[in-house]
Structures are given as structure tokens and as C-alpha cells.
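Inside the fold
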Amino acid sequence: MDIKHSRIKAKKLQEVKDVSVLRLRKPDEDKEGLKWLTEVWKLKHLPPYIWIGDLRLRKEVIKETEKGFPEIRKIEQDYLNPVLVLKTDQAVFWRDINPSISNKSWITSNQPVVIENPNSQNLYVVEGLTDYITLYQIDPEGSFLILGSVANADKVISYLKEQEKKGVNIILALDNDEAGISTTKKIQRRLKTSINLSKAYKGFKDFAEFYLNADAEDLNKFREKLEKEIKEIRDKKQQRKKTSRGFGLSL
């Protein structure tokens, strides 16, 4: 996928019109970037499809001429920090390498991204890149569905149903805001069995915020709760299979 000269939407005139990704490299090829990931992001496992890059921004700003008339001028400048880039065949997304800075944007169109491990029985549904990166630390063998936006939820229902039929555990880890809670309920109504993981990080905006502020004890409790809920959903599926075959019925 060519991402060197891509368009992104601008909400205001004095915003970025174009962005170019320069010097795209794997994290282990960037010592400073890798240090940020391992220390600041608390990463033990590098997720697939994550790159480090530099951005060149093209802006249109309004300046006054010497006579006091407004004039649109084009300005090109490099973004201050390196960025994390999610680059797959489906989509490209970037965000500042500093998790406390929320600057981010899609380079391609906003759409769901599936990062599948065919050997995993766990599929985590998250909203964005930061949740994917941090939740990957809890289950590096899992599969991930990055919605990109809760507005994309309807686009993935059929895919989630297909995965559910295959016996995959659907684990929802959306934001704890009104939109995230509403979308979680919408998805759960369409599935027979699923796990709402957001209850385990209640009080935090999203999983990434919980993870970055959690200590070792908090994370161990989280893992234990996740394992317990996965076991419960597995038991429910097995009981449903027995019942459908005529077992477990009282005469």
C-alpha cells in the first residue's frame, strides 16, 4: 500500500490537508522508538503491523497581506515527534508515539481492521490503535478486530457471527463512554455469547488508559478475571452443544 502521498480530511481550513509518511521502519530498527515502546508503553511484546515513521504535514493557513487582505498560504513542515503507524493491507493509521499526546488520524479511509491469528480462540474487539497495542500485551496470541470507530460496528456484525459459529470467543473491549457502552450492548444483542471486558476497567476511559496506569497487581487481577470469563463462556458453549444433542434434559 502506497502511503507516501495520501489525503486526510480537514475539518477546518487551518488544518492539515496532506500528510506524507517518511522513513517508515520497524520498531527494532529505531533504538529511541523501541525505548519509548518498552518503557513508556510498558510493552513486552511488539504487535504485528506496527511501524515507526516520521510525518511531513502540508497545511493551508490564512495570512494577512501587507494591505490587510486575507490570503491562503500553503506551509510544509515536519511533525515534531516520531509516530506509530498501523499499516496493513486494509488501512493505515498513525498516532503520536507519546501515549499522553492524542494527535492521530487515518491516512486511508476509516474502516475496521482485522489482525487474525488462525490458531487463537480469542477475538478482541477494540476501538483504536492504543487499545490494540496494550491489549496485545495481555494476550499476544489473540486475534484483534480494530473498529476504527464505533460507527463501524454494523459493518462487522456478520464477521463476528461467523467467528462465533467457529467457536471463537468474542471479547468486547470498547471504551467506557456513552458511545462505547451503547455499541457494546448493540453487538451483544446480535451474538449468542460474548464477554464485555470493559467492566474490568471501569473508571477508566478505555483499556489503554487502564493498562498504562495499572501496576503489576492490577494487571494480574485483570488476567485472572479474563481467564475466568473465558472459561465461563466456554462452559456455556459446551452446555449448549450437549443440550442441542438431547443431553442434559430432565424427563
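First things first, this report covers the structure right here in the doc. (Residues numbered from 1 in each chain as written. Predicted model: local features only at pLDDT ≥ 70, side-chain atom pairs only at ≥ 80, totals over all residues. Heavy atoms only, no water.)

1. What to know about the overall build of the chain
Here is the rule: A run of DSSP states H or I qualifies as a helix once it reaches four residues; a run of E qualifies as a strand once it reaches two. Both are numbered from the N-terminal end. Accessibility here uses a 1.4 Å probe with only protein chains present; expressed as a share of the type maximum, an area under 20% marks a residue as buried, one over 50% as exposed, and anything in between as partly exposed. Contacts between residues were defined by any pair of non-hydrogen atoms, one from each residue, lying within 4.5 Å. In this tally Asp and Glu are treated as negative and Lys and Arg as positive; neither His nor the chain ends contributes. By convention, charge coordinates are those of NZ in Lys, CZ in Arg, CG in Asp, or CD in Glu.
What the chain contains, in helices and strands, is six helices and 12 strands. Dimensions along the principal axes, computed over C-alpha positions, put the chain at roughly 95 × 35 × 35 Å. Out of the 251 residues in the chain, the part that is buried amounts to 44%. A separation threshold of at least 6 residues defines the contact pool for the chain, and within that pool the share at least 24 residues apart is 61%. Each charge class in the chain can be summarised by its mean position, and for the 47 positive and 38 negative side chains these summaries are 6 Å apart.

2. Concerning the nonpolar core
The nonpolar side chains of a soluble globular protein tend to be buried with one another. What counts, and what does not: What we call a nonpolar core is a set of buried Ala, Val, Leu, Ile, Met, Phe, Trp, Tyr and Cys residues that are connected through their side-chain atoms within 4.5 Å.
Counting 37 residues, the largest nonpolar core has Tyr132 and Leu135 as the members making the most contacts within it. Listing elements by their share of this core, those giving two or more residues are strand E3 (50-64), strand E5 (83-87), strand E8 (113-115), strand E9 (122-126), helix H2 (129-138), strand E10 (143-146), helix H5 (207-213) and helix H6 (216-244). For this core, the element with the most residues is H2, which contributes six residues. Of all hydrophobic cores here, the second largest spans 15 residues; its members include Val156, Leu160, Val168 and Leu191.

3. Description of the layout of surface pockets
We apply this condition: Using protein atoms alone on a 1 Å grid, points that fit a 1.4 Å probe yet trap it form a cavity, whereas open point sets bounded by protein on both sides within 12 Å along at least five of seven lines form a pocket; residues with an atom within 4 Å of a point count as lining. Grid points are joined across faces, edges and corners, and a volume is the space filled by probe spheres set on the points. Gly counts as polar in this scheme, as do all residues outside two lists: the nonpolar Ala, Val, Leu, Ile, Met, Phe, Trp, Tyr, Cys and Pro, and the charged Asp, Glu, Lys and Arg.
As a volume, the second largest pocket reaches approximately 420 Å³. Along the wall of the second largest pocket there are 17 residues; nearest its centre are Glu164, Lys165, Gly167, Lys237 and Arg240. Every element with two or more residues in the lining of the second largest pocket is listed here: helix H3 (153-165) and H6. Looking at the lining of the second largest pocket, the element that brings in the most residues is H6, giving six residues. Classifying every residue of the lining of the second largest pocket by side-chain character gives one nonpolar, six polar and 10 charged.

4. Comments concerning the pattern of salt bridges
Here is the rule we go by: For salt bridges, the criterion is a side-chain nitrogen of Lys or Arg within 4 Å of an Asp or Glu carboxyl oxygen.
Enumeration over the complete set of coordinates arrives at 11 salt bridges. A salt bridge links Arg56 to Asp78; the shortest N-O distance between them is 2.7 Å. With Arg56 in strand E3 and Asp78 in strand E4 (residues 70-78), this pair connects stretches of sequence that are 22 residues apart. Accessibility expressed as a relative area gives 28% for Arg56, which makes it partly exposed. A cluster of three or more residues bridged by salt bridges with shared partners is formed by Arg23, Arg25, Asp30 and Asp54.

5. Regarding the sheet that holds E10
Backbone-to-backbone hydrogen bonds join strands into a sheet, with any given pair of strands oriented parallel or antiparallel. Stated formally: Note on pairing: two strands pair once DSSP finds at least 2 bridges between them. Here, axes are lines fitted to C-alpha atoms. For helices the fit covers the stretch in contact, and angles between N-to-C directions go from 0 to 180 degrees.
The five strands lie next to each other as E8-E10-E9-E11-E12, forming an open sheet whose pairing is mixed. Edge strands, defined here as strands with exactly one partner in the open sheet, are E8 and strand E12 (195-196). Each of E8, E9, E10 and strand E11 (169-172) is contacted by H3, which is oriented at about 160° to E9, the strand it contacts most.

6. Some points on a positive patch on the surface
For clarity, the threshold we go by: Exposure above 30% relative accessible area and the absence of a salt bridge qualify a residue for a patch, where like charges join within 9 Å and nonpolar side chains (Val, Leu, Ile, Met, Phe, Trp, Tyr) within 5 Å. Here the Shrake-Rupley method, with its probe set to 1.4 Å, supplies the accessible areas, and only the displayed protein chains count as covering residues.
Residues Lys161, Lys165, Arg190, Lys192, Lys236 and Arg240 make up a contiguous surface patch of positive charge. When residues of the positive patch are traced back to their parent elements, those giving at least two are H3 and H6. Relative to the assigned elements, Lys161 resides in helix H3.

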